[in-house]
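# Remarks on the overall topology
The residues making up each chain are set out below.
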Amino acid sequence: HDGWAEIRIDREAKRNAMDRATRQAMLAAFEELRPSAKAIVITGTGMAFCAGMDLKEREQDRLAGIDGAGDEWVSVNIAIRKHPAIFIAAVNGVALGGGATLINVCDLAVASTKASIGCPEMGFATYPAMAGPAIQLSGITRKRAAWLVLTTNRIDGVTAERWGMVNECVEPDQLLPRAREIASHVAKFEK
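Fair warning: this is a prediction, and the values are worked out from it, not measured in the lab. (Residues numbered from 1 in each chain as written. Predicted model: local features only at pLDDT ≥ 70, side-chain atom pairs only at ≥ 80, totals over all residues. Heavy atoms only, no water.)

### Let's talk about the environment of Arg178
- Following the sequence through the fold, Arg178 ends up in helix H8 (residues 172–187).
- Spatially, the C-alpha atoms of Arg178 and Ala111 are 9.9 Å apart, while their sequence positions differ by 67 residues.
- Residues in contact with Arg178, not counting those within four places in the same chain, are Val110, Glu168 and Val170. (Helix = DSSP H or I, 4+ residues; strand = E, 2+ residues; numbered from the N terminus. Contact = heavy atoms within 4.5 Å.)

As C-alpha cells, then:
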C-alpha cells in the first residue's frame, strides 16, 4: 500500500502458531519492507491472531537435538522493536503466549470483540518466558498481568482495551478497515 504494508500470518490449521518457516518469513518481510513501509499491520488468518510458538515443532526439534526456536522468536520481536515502521497488531482472534507477546511488542493494537488473549503456559507447568515479561511491561497493572500469567484465564478484546493492552476494540468486520485506516494515517507522517 502507499507507505504501509500488511503482513498476515497464514497457518490457519495451526491457529497461526509460529513455526520456523513463519518466523523466518516474517524476518525477511520486515527487511524487505524496511525502506518503504512507515507502518505495518500484522494480523492472523481465520479465527486466530497467533497461538504462539508451534509447540509440536519445538517438541520434534527437542527430540532431534535441535535448539534455537526461542532465539528465533526473540529475533522476530527484537526486529519489530528496531524496525523504523510503526507496527499495528490487528488482533482478529486467539492470541496465546507468543501471540500475546506479539500484541505487546507492536506499537499499537486494535482487537476484535472476538479476540481471546491469554497465557496458557502455566497450565502445562511452564512459565511464559517471553509473554509473561512482555505483559508485565505492557503498561497494564501488576495485578492484571499476574491474572493473565498465573491463572491461564483469557480476556476478550473489550477487556484488553479496558486494561490498556490494546488501543481499541471493534466489531470483527471493522477490525481490518480500522487497522488499515490507522496505518494509512501514520504512513502520512514524515520520519
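### Considerations on the side chain of Ser112
- With respect to the element layout, Ser112 can be found in strand E6 (residues 108–112).
- Ser112 sits in the buried class, given a relative accessible area of 1%.
- For Ser112, the side chain forms a polar contact with the main-chain nitrogen of Lys114, separated by 2.8 Å.
- Contacts of Ser112, omitting those with residues within four sequence positions, involve Val91, Asn92, Gly157, Cys169, Val170, Pro172 and Leu175. (Buried < 20%, exposed > 50% of the residue type's maximum accessible area, 1.4 Å probe, protein only. Polar contact = N/O pair within 3.5 Å; in protein donor to acceptor, adjacent residues only side chain to side chain.)

### A short note on the nonpolar core
- In terms of nonpolar packing, the biggest core is built from 39 residues, with Phe30, Ile42, Phe49 and Leu102 touching the most fellow members.
- Apart from the residues within four sequence positions on either side, Phe30 is in contact with Ile7, Ile42, Val76, Ala79, Ile80, His83 and Phe87.
- Counting 14 residues, the second largest nonpolar core, distinct from the first, contains Ala90, Val170, Leu175 and Ala179. (Core = buried A, V, L, I, M, F, W, Y, C linked by side-chain atoms within 4.5 Å.)

### Thoughts on the pairing of E6
- E6 sits mainly inside the fold: four of its five residues count as buried.
- Where strand E4 (residues 86–91) lies against E6, four bridges are found, and the strand directions are parallel. From the neighbouring strand, Ala89 faces E6, where its bridge partner is Ala109.
- Bridging between E6 and strand E9 (residues 168–170) involves three bridges; their strand directions are parallel. Each residue of the ladder has a partner; that of Ser112, found in E9, is Val170. (Pairing = 2+ DSSP bridges.)

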